[in-house]
Amino acid sequence: MDLARIAQQLPWLWPSNIDSTLLAILRDRQAAELERLQAAEMAGEGAIINDELAGALLSVVGDANTSEELRTRAALSLGPVLEHMDTDSFGDLPGLDEDSFDAPPISEHTFRRIQQSLHARYQETDIPKEVRRRILEASVRAPADWHPDAVRAAYSSEDRDWRLTAVFAMRWVAGFGDEIVAALDDPDDEIRYEAVWAAGNWEIDGTWPHVSALLSAPDTDKALLLAAIEAAASINPREAKPLLAELTDSQDTDIADAADSAMMMASSPFDHDFDDESEL
């Protein structure tokens, strides 16, 4: 089966037996590395992930005899399902059975197992740095009590990669408003990119001058600009509208489309009162 070709299709168009195929590849230590990497990436798709695939990904993360690249890919693939399960809490899904359209993709037992295992692995400071970073990045998508201290330690590190991971994690872990504002002044574009996403997620009013400057500057990096466009509608929709309106005329269709979508969000009747101070 040509996984690379299948991966180009929308997940719900993948073969009906794709989950069993991916499971077999993930469990086969003799399979080609590229094939296992592709399988690990695909296994995290919300349309197909289940208890067995999640368990296989977790086993790969913990396998010291597996390549660092494959372990990091497997860890990252667990992030989306953790976020899904955390957002759609079990208490909000009464009476659902396995055949329900709205049934969660994995069981509560598997969800808790992933959380506990990733926490345990993160505490193993002798594992490769990249694996440990990705474990933190995946696990924060379902925030737990241990995350604030872990994020704080990563942010205070002199290692640029750990600081990048920390700012990424601030998108999900509350209580880092000041750090997010500070990160928006970081000379590193990747760190600023993650800070913009975090600012938009928490709707931090104090970040508006930074975000509006990114929208207005003619030389803003495209990825950074796209993040700023989405964040703007959450942070300050009233002042964002004229800036976004200009961007809808961009010759770059990605930018124009993003600005158009943000304009619609900024015009939503459900906008918050952004005169209030952010809780962060």
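The structure presented is a predicted model; accordingly, all values stated were derived computationally and were not measured.

What counts, and where the lines are drawn
- Residues numbered from 1 in each chain as written.
- Predicted model: local features only at pLDDT ≥ 70, side-chain atom pairs only at ≥ 80, totals over all residues.
- Heavy atoms only, no water.
- Helix = DSSP H or I, 4+ residues; strand = E, 2+ residues; numbered from the N terminus.
- Rg over C-alpha atoms; globule rule 2.2 N^0.38 Å.
- Buried < 20%, exposed > 50% of the residue type's maximum accessible area, 1.4 Å probe, protein only.
- Contact = heavy atoms within 4.5 Å.
- Lys, Arg positive; Asp, Glu negative; His and termini not counted.
- Charge placed at Lys NZ, Arg CZ, Asp CG, Glu CD.
- Expected span 1.5 Å × (residues − 1).
- Arc of directions from axis to C-beta.
- Axes fitted to C-alpha atoms, helices over the stretch in contact; angles between N-to-C directions.
- Parallel < 35°, antiparallel > 145°, perpendicular 65-115°, else oblique.
- Nonpolar A, V, L, I, M, F, W, Y, C, P; charged D, E, K, R; others polar.
- Core = buried A, V, L, I, M, F, W, Y, C linked by side-chain atoms within 4.5 Å.
- Left-handed = near helix turned anticlockwise from the far one by under 90°.

**A closer look at the overall build of the protein chain**
Move 1: Scanning the protein chain for helices and strands turns up 15 helices and zero strands.
Move 2: Here the C-alpha atoms of the protein chain give a radius of gyration of 20 Å, agreeing with the 19 Å that 2.2 N^0.38 yields for 280 residues.
Move 3: Burial status across the protein chain gives 43% buried among its 280 residues.
Move 4: Nonlocal contacts in the protein chain, meaning residues at least 24 apart in sequence, comprise 63% of its contacts between residues at least 6 apart.
Move 5: Counting 22 positive and 56 negative side-chain charges, the protein chain places the averaged centre of each group 7 Å from the other.

**Details of helix α6 (residues 108-122)**
Three- or four-residue spacings in an α-helix give side chains the same orientation, since the helix completes a turn every 3.6 residues.
Move 1: Its 15 residues place the ends of α6 21 Å apart at the C-alpha level, agreeing with the 21 Å of an ideal helix rising 1.5 Å per residue.
Move 2: Among the residues making up α6, those that are buried are Thr110, Phe111, Ile114, Gln115, Leu118 and Tyr122. The buried residues of α6 occupy an angular sector of 140° when projected down its axis, which confines them to one face. Among the exposed residues of α6, those pointing more than 90 degrees away from its buried face are His109 and Gln116.

**Here we look at the packing of helix α13 (residues 222-235) against helix α15 (residues 253-266)**
Move 1: α15 packs onto α13 with a crossing angle of 10° between their chain directions and a minimal axis gap of 8 Å. By the angle class used here, α13 and α15 are roughly parallel. Of α15, the residues touching α13 (which contributes Lys222, Leu225, Leu226, Ile229, Ala233 and Ser234) are Asp254, Ile255, Ala258, Ala259, Ala262, Met265 and Ala266.
Move 2: Considered class by class, the residues forming the contact of α13 with α15 number ten nonpolar, one polar and two charged.

**With respect to the nonpolar core**
What tends to happen in soluble globular proteins is that the nonpolar side chains get buried as a cluster.
Move 1: Leu22 and Ile229 are the most contacted members of the largest nonpolar core, which totals 85 residues.
Move 2: Looking at which element gives the most residues to this core, the answer is α13, with nine residues.
Move 3: Those residues in contact with Ile229, other than ones at most four positions away along the chain, are Leu215, Leu244, Leu247, Ile255, Ala258, Ala259 and Ala262.

**Points about the packing of α13 against helix α14 (residues 237-247)**
Move 1: Close contact between α13 and α14 brings their axes to 8 Å; oriented N to C, the two are set at 145°. Where α13 crosses over α14, the handedness of that crossing is left-handed. Contact with α13, carried on its side by Leu225, Ile229, Ala232, Ala233, Ser234 and Ile235, involves Pro237, Ala240, Leu244 and Leu247 of α14 and no other residues of that element.
Move 2: Classifying every residue of the contact of α13 with α14 by side-chain character gives nine nonpolar, one polar and no charged.

**So, unusual backbone geometry**
Move 1: A positive phi angle, close to 50°, is found at Glu203, a residue other than glycine.
Move 2: Along the chain, the position of Glu203 falls in the loop between α11 (189-202) and α12 (208-216).

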